[in-house]
Amino acid sequence: MNEQELCCARMSKKICAAKQILAIESSCDETAAAVVADGRRLLSSAVASQIDAHQRFGGVVPEIASRMHTEAIALVVTQAMEEADIDYSDLDAVAVTAAPGLIGALLVGLNFAKGLCMATGLPLVPVHHLRAHVAANYLTYPDLEPPFIALIASGGHSHIVRVSDYTHFQVLALTRDDAAGEAMDKIARALGLPYPGGLHMDRAATGDRGAYKFPRPRLSGDTLDFSFSGLKTAGLNLLNNCKQKGVTVNTQDFCASYRESVCAYLADHAMAAAEKYSANEPLVLAGGVCANSRLREMMTERCTAAGIELFLPELALCGDNGAMIGAQGYYEFLAGNIAGLDCNARASSGI
Ligand code: KG4
Ligand code: ZN
């Protein structure tokens, strides 16, 4: 048997010389693990979602999230390793979300990853959660490579970044207050829709997009930064006024109108950033809010009209998952971004 045959015989799912990374994510309300080869090939993915537990509170309760991560993590990691059908000795590194996120939740994943590294001698690769949302696209589009512009819209963040290479991100714009996801979640909650609000608002938005009017957020100066708090307050005020006056709110119309305002705002800034900062580079969408059907439709129309190549993350990879941590973890590993066991989690952190 030659060297290649030997190698392939030893590892059924491992391509010879591939770098295989076990990735762990626990920054918010999903305990997730995945095994990813060369940052591009998903060998397994396991997720324990906490949505049901948080639903009755209308949002994520940090204490409950931490406790549930602790209960689920060993099982989820074992499941990912079994699905990938590999041993720890076949791995090259353990990647884990170290920032940003709920601190107690992050610490569960990070400490578990540290334990694995201590036991196996594998290197520990800390991964920035927002970088990983962008990297989710590498799993779907094998030809996608930096440089490109990315719109990252999630429950806690709204950024526009230029990704000059896999581990260099320049922030072009960010939110000054609430994130896009938060602005949708709060209004959805006020409308009595279940958590996560953005998703349920999207589903309920079957009405007239022009039925309700919301102010267009504006910041002074030459900036592409976002501010969602005014839009959110306008939505809440409108609902309160209707309630006080005994006027029935048409949920379908309200969701369609509000979603339109949020999506148009995100799309306008993303298109302006592409025009201002890139020379015919592609636009990449990332984060939970980029599962929004109207945002995807709007961005597709606008990018087609402007001749800009658009990459939309797979719906299954828009929200938090382990696969995206493995994709970004691979490039961090190649760049030598390896941490010691004294690595700490951070609730907030620049990208
Ligand atoms: O990226 P993600 O899963 O977690 C964070 O890193 O925050 O994003 C969660 C956010 C929530 O605000 C949720 O309401 C929103 O993504 N979301 C959506 C949709 N699906 C999830 N927002 C709008 N439309 C959707 N279809
Ligand atoms: Zn996320």
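For the structure, check the block above.
What this report covers is the structure whose coordinates are included nearby. No experiment lies behind these values; they were computed from the predicted model shown.

1. A closer look at the site of ligand 1
Around ligand 1 sit 19 residues, and of these Gly-155, Asp-185, Gly-198, Gly-288 and Asn-292 come closest. Here an oxygen atom of ligand 1 and a side-chain polar atom of His-129 are 3.1 Å apart. Gly-288 is positioned such that a nitrogen or oxygen atom in its backbone is 3.0 Å from an oxygen atom of ligand 1. In isolation ligand 1 exposes 550 Å². Once the protein is present, 86% of that is buried. Of all the secondary structure elements, the ones that give two or more residues to the shell around ligand 1 are helix 5 (129-140), helix 6 (180-190) and helix 7 (197-204). Tallied by class, residues from the shell around ligand 1 come to five nonpolar, 11 polar and three charged.

2. Focus on the coordination of the zinc ion (ligand 2)
Coordination of the zinc ion (ligand 2) by the protein is provided by His-129 (NE2), His-133 (NE2) and Asp-320 (OD), with metal-donor distances spanning 2.0 Å. Each donor residue of the zinc ion (ligand 2) lies on the same chain, and together they follow the pattern H-x3-H-x186-D. You can see His-129 sitting in helix 5 and its partner Asp-320 sitting in the loop between strand 10 (310-311) and helix 11 (322-334), a full 191 residues away along the chain. Residue class for His-129 comes out buried when judged on its relative accessible area of 7%.

3. Concerning the pattern of salt bridges
By the definition in use, this model includes 13 salt bridges. A salt bridge links Asp-225 to Arg-176, with the shortest nitrogen-to-oxygen separation between them at 2.7 Å. Here Arg-176 lies in the loop between strand 8 (168-174) and helix 6 and Asp-225 lies in the loop between helix 7 and helix 8 (229-245), a separation of 49 residues in the sequence. Residue class for Asp-225 comes out buried when judged on its relative accessible area of 13%. Taking the shortest distance from any N to any O, the salt bridge between Asp-268 and Arg-216 comes out at 2.7 Å. With Asp-268 in helix 9 (residues 251-277) and Arg-216 in the loop between helix 7 and helix 8, this residue pair connects regions lying 52 residues apart in the sequence. According to the relative accessible area criterion, Asp-268 is partly exposed, its value standing at 27%.

4. Description of the side chain of Ser-44
In this fold, Ser-44 is placed in strand 3 (residues 41-49). Look at Ser-44 and you get buried, because its relative accessible area is 3%. Here the side chain of Ser-44 touches Ala-80 through a polar contact of 2.6 Å, landing on its backbone oxygen. Those residues in contact with Ser-44 that lie beyond four places of it in its chain are Ala-33, Ala-34, Val-35, Ala-80, Glu-83 and Ala-84.

5. Details of the packing of helix 5 against helix 11
Where helix 5 meets helix 11, the axes come as close as 7 Å, and the angle between the chain directions of the two elements is 95°. On the basis of the axis angle, helix 5 is roughly perpendicular to helix 11. In this structure, helix 5 contributes His-129, Arg-131, Ala-132, His-133, Ala-135, Ala-136, Tyr-138 and Leu-139 to the contact, and helix 11 contributes Ala-323, Met-324, Ile-325, Ala-327, Gln-328, Tyr-331 and Glu-332.

6. Here's the deal with the state of the cysteines
Counting across every chain of the model gives zero disulfides. Between Cys-318, a free cysteine, and Cys-290, which holds the nearest cysteine sulfur, the sulfur-to-sulfur gap is 6.4 Å.

7. Describing the nonpolar core
Formed by 49 residues in total, the largest nonpolar core has its most connected members in Phe-228, Tyr-258, Leu-266, Leu-283 and Met-299. Looking at this core, the elements with two or more residues in it are strand 6 (148-153), strand 8, helix 6, helix 7, helix 8, helix 9, strand 9 (283-286) and helix 10 (293-306). Apart from residues no more than four positions distant in its own chain, Phe-228 is found in contact with Ser-158, Thr-175, Asp-177, Asp-178, Ala-179, Ala-180, Ala-183, Val-262, Tyr-265 and Leu-266. If you look at the next biggest cluster of nonpolar residues, it comprises 35 residues, including Tyr-138, Val-161, Met-324 and Tyr-331.

8. A short note on the pairing of strand 7 (residues 158-165)
As paired strands, strand 6 and strand 7 are joined by six bridges and run antiparallel to one another. The residue bridging Phe-148 from the neighbouring strand is Val-163, located in strand 7. Between the end of strand 6 and the start of strand 7, which pair antiparallel, lie four residues. Both strand 7 and strand 8 contribute to a ladder of six bridges, which runs antiparallel. Bridging across to strand 8, Asp-165 finds its partner in His-168. Hairpin geometry of strand 7 and strand 8 is characterised by an intervening segment of two residues between the two adjacent antiparallel strands.

What counts, and where the lines are drawn
Residues numbered from 1 in each chain as written. Chains lettered and ligands numbered in written order. Predicted model: local features only at pLDDT ≥ 70, side-chain atom pairs only at ≥ 80, totals over all residues. Heavy atoms only, no water. Near = heavy atom within 4 Å. Polar contact = N/O pair within 3.5 Å; in protein donor to acceptor, adjacent residues only side chain to side chain. Areas by Shrake-Rupley, 256 points an atom, 1.4 Å probe, with all protein chains shown as cover. Helix = DSSP H or I, 4+ residues; strand = E, 2+ residues; numbered from the N terminus. Nonpolar A, V, L, I, M, F, W, Y, C, P; charged D, E, K, R; others polar. Donors = N, O, S within 2.8 Å, 3.2 Å for Na, K, Ca; no water. Buried < 20%, exposed > 50% of the residue type's maximum accessible area, 1.4 Å probe, protein only. Salt bridge = Lys/Arg side-chain N within 4 Å of Asp/Glu carboxyl O. Contact = heavy atoms within 4.5 Å. Axes fitted to C-alpha atoms, helices over the stretch in contact; angles between N-to-C directions. Parallel < 35°, antiparallel > 145°, perpendicular 65-115°, else oblique. Disulfide = S-S within 2.5 Å. Core = buried A, V, L, I, M, F, W, Y, C linked by side-chain atoms within 4.5 Å. Pairing = 2+ DSSP bridges.

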